[in-house]
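# Structural features, examined
The residues making up each chain are set out below.
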Amino acid sequence: MTRGSWKFGAWSAAGQIAVSALLALNKLWSEQGFDAVSFWIYAAWFAVSVAQFLYLLRVRRKDAPFWDEEDDRRADWDRRGRQL
């Protein structure tokens, strides 16, 4: 996973968490309450989004050495290019 795709995935998961939490709370406080099937759908969506975000945090931690190595390679390439 590249750094850019990780950022996109993290922002997408954070947005999904916010939207699903707001929708679930809206259904919870509506007249129908827990009886509404949509509340459970939004609650499940929230749980999946949180799991996705936690997975992305794990990927970020495990891929950090790879990204640092890639940044070092890029910096070396830029340095050599400027010497020409």
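Given the structure is predicted, the values throughout are model-derived calculations rather than measurements. (Residues numbered from 1 in each chain as written. Predicted model: local features only at pLDDT ≥ 70, side-chain atom pairs only at ≥ 80, totals over all residues. Heavy atoms only, no water.)

### Quick look at helix H2 (residues 37-83)
Side chains of residues three or four places apart in an α-helix project in the same direction, reflecting 3.6 residues per turn. With 47 residues, H2 should reach 69 Å at 1.5 Å per residue; the first-to-last C-alpha distance of 65 Å fits that figure. Approximately 50° is the largest bend angle found in H2, and it occurs at Asp 63, with the proline Pro 65 only one to four residues beyond. (Helix = DSSP H or I, 4+ residues; strand = E, 2+ residues; numbered from the N terminus. Expected span 1.5 Å × (residues − 1). Bend = angle between axes of the 7 residues up to and from the residue.)

### Section: the nonpolar core
Within the largest apolar cluster, 6 residues are counted, these being Trp 6, Ala 10, Ala 13, Leu 56, Val 59 and Trp 67. Broken down by secondary-structure element, the contributors of at least two residues to this core are helix H1 (3-28) and H2. Ala 13 has contacts with Ser 49, Gln 52, Phe 53 and Leu 56, leaving out every residue within four places of it along the chain. (Core = buried A, V, L, I, M, F, W, Y, C linked by side-chain atoms within 4.5 Å. Buried < 20%, exposed > 50% of the residue type's maximum accessible area, 1.4 Å probe, protein only. Contact = heavy atoms within 4.5 Å.)

### A short note on the pattern of salt bridges
Enumeration over the complete set of coordinates arrives at 4 salt bridges. Between Arg 74 and Glu 70 there is a salt bridge, with the nearest N and O atoms lying 2.9 Å from each other. Of this pair, Arg 74 and Glu 70 both sit in helix H2, 4 residues apart, which is roughly one turn of the helix. One salt bridge connects Arg 80 with Asp 76, and the closest N-O pair in it is separated by 2.8 Å. Remark: Asp 76 and Arg 80 occur in helix H2; sequence separation between them is 4 residues, near one turn of the helix. Under the relative-accessibility criterion, Asp 76 is labelled partly exposed at 24%. (Salt bridge = Lys/Arg side-chain N within 4 Å of Asp/Glu carboxyl O.)

### Here's the deal with the environment of Leu 22
Among the secondary structure elements, Leu 22 is positioned in helix H1. For Leu 22 and Ala 43, which are 21 residues apart along the polypeptide, the C-alpha to C-alpha distance reads 10.0 Å.

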